[in-house]
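Chain and residue survey
One-letter residues, chain by chain:
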Amino acid sequence: SKAIAFVTFKLRACAEFASEAMHCQTLDADELLNIRWAFDDPNPRAQQIAREKLEKQLIDAMEKKGVDLTDVDYHHPDDYHIDEGGPDAKRQRIEGPAAGGGPPAGAH
């Protein structure tokens with residue numbers, strides 16, 4: 001049976017040193033180590049942890065620069081209208097009634 005291990009290093013130089021040091025070494029029973037580079041951890045949990053770590057680094061860097069990241073209620077201007085008809089309503093407004101089989105609902 002084969003055993004597989006993934007090792008992560010903070011510094012590439014340390015990973016390269018360990019790779020060279022372990023290359024062609026043997027374990028008990030003369031099992032030869034096969035050292036290969038892995039670029040992305042296939043484990044979904046590890047990927048989530050990596051994303052969260054990057055997000056935290058970004059937030060920390062922004063806060064260090066003085067960016068205020070607190071949530072703020074935003075009020076749209078009175079003349080701002082959210083398109084509730086979806087992409088078809090927008091297409092009808094741009095291309096005309098022939099594009100969608102008639103004017104959008106509520107059109108004047």
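The structure under discussion appears in the preceding block.
Residues numbered from 1 in each chain as written. Predicted model: local features only at pLDDT ≥ 70, side-chain atom pairs only at ≥ 80, totals over all residues. Heavy atoms only, no water.

**Section: the overall build of the protein chain**
For the protein chain, the count of helices and strands is four helices and zero strands. Counting from the amino terminus, helix and strand elements in the protein chain follow one another as α-α-α-α. A burial count over the protein chain gives 6% of its 108 residues as buried. Put simply, of all contacts in the protein chain between residues at least 6 apart along the chain, 3% involve residues at least 24 apart. Split by element, the accessible area of the protein chain, about 10,600 Å² in all, is 55% carbon and sulfur. (Helix = DSSP H or I, 4+ residues; strand = E, 2+ residues; numbered from the N terminus. Buried < 20%, exposed > 50% of the residue type's maximum accessible area, 1.4 Å probe, protein only. Contact = heavy atoms within 4.5 Å. Areas by Shrake-Rupley, 256 points an atom, 1.4 Å probe, with all protein chains shown as cover.)

**Describing unusual backbone geometry**
Positive phi, normally seen in glycine, also occurs at cysteine 24, with a value near 65°. For cysteine 24, a relative accessible area of 45% puts it in the partly exposed group.

**Digging into the packing of aromatic side chains**
The description of two aromatic rings rests on the distance between their centres and on the angle between their planes. Applying the stated criterion to the full structure yields zero aromatic pairs. One residue, arginine 12, lies across the ring of tryptophan 37, its end atom 4.9 Å from the ring centre. (Phe/Tyr/Trp six-rings, centres within 6.5 Å; stacked < 30°, edge-to-face > 60°. Lys NZ or Arg CZ within 6 Å of the ring centre and 35° of its normal.)

**Let's talk about helix H2 (residues 44-64)**
Side chains of residues three or four places apart in an α-helix project in the same direction, reflecting 3.6 residues per turn. Taking 1.5 Å per residue, 21 residues should reach 30 Å; H2 reaches 30 Å between its end C-alpha atoms and fits that length. With a side-chain oxygen positioned 2.9 Å from the backbone nitrogen of arginine 45, the residue opening H2 is asparagine 43. Glycine 66 sits one or two positions beyond H2 and adopts a positive phi of about 95°. (Expected span 1.5 Å × (residues − 1). Polar contact = N/O pair within 3.5 Å; in protein donor to acceptor, adjacent residues only side chain to side chain.)

**Focus on the pattern of salt bridges**
This structure, assessed with the given rule, holds two salt bridges. Close ionic contact of arginine 12 with glutamate 16 constitutes a salt bridge, the shortest N to O distance being 2.8 Å. Taken together, the positions of arginine 12 and glutamate 16, both in helix H1 (residues 12-22) and four residues apart, correspond to about one turn of that helix. The salt bridge partner of aspartate 60 is lysine 56, with a shortest N-O separation of 3.0 Å. Here aspartate 60 pairs with lysine 56, and both are found in helix H2, just four residues apart, close to one helical turn. Overall, aspartate 60 belongs to the partly exposed group, its relative accessible area being 35%. (Salt bridge = Lys/Arg side-chain N within 4 Å of Asp/Glu carboxyl O.)

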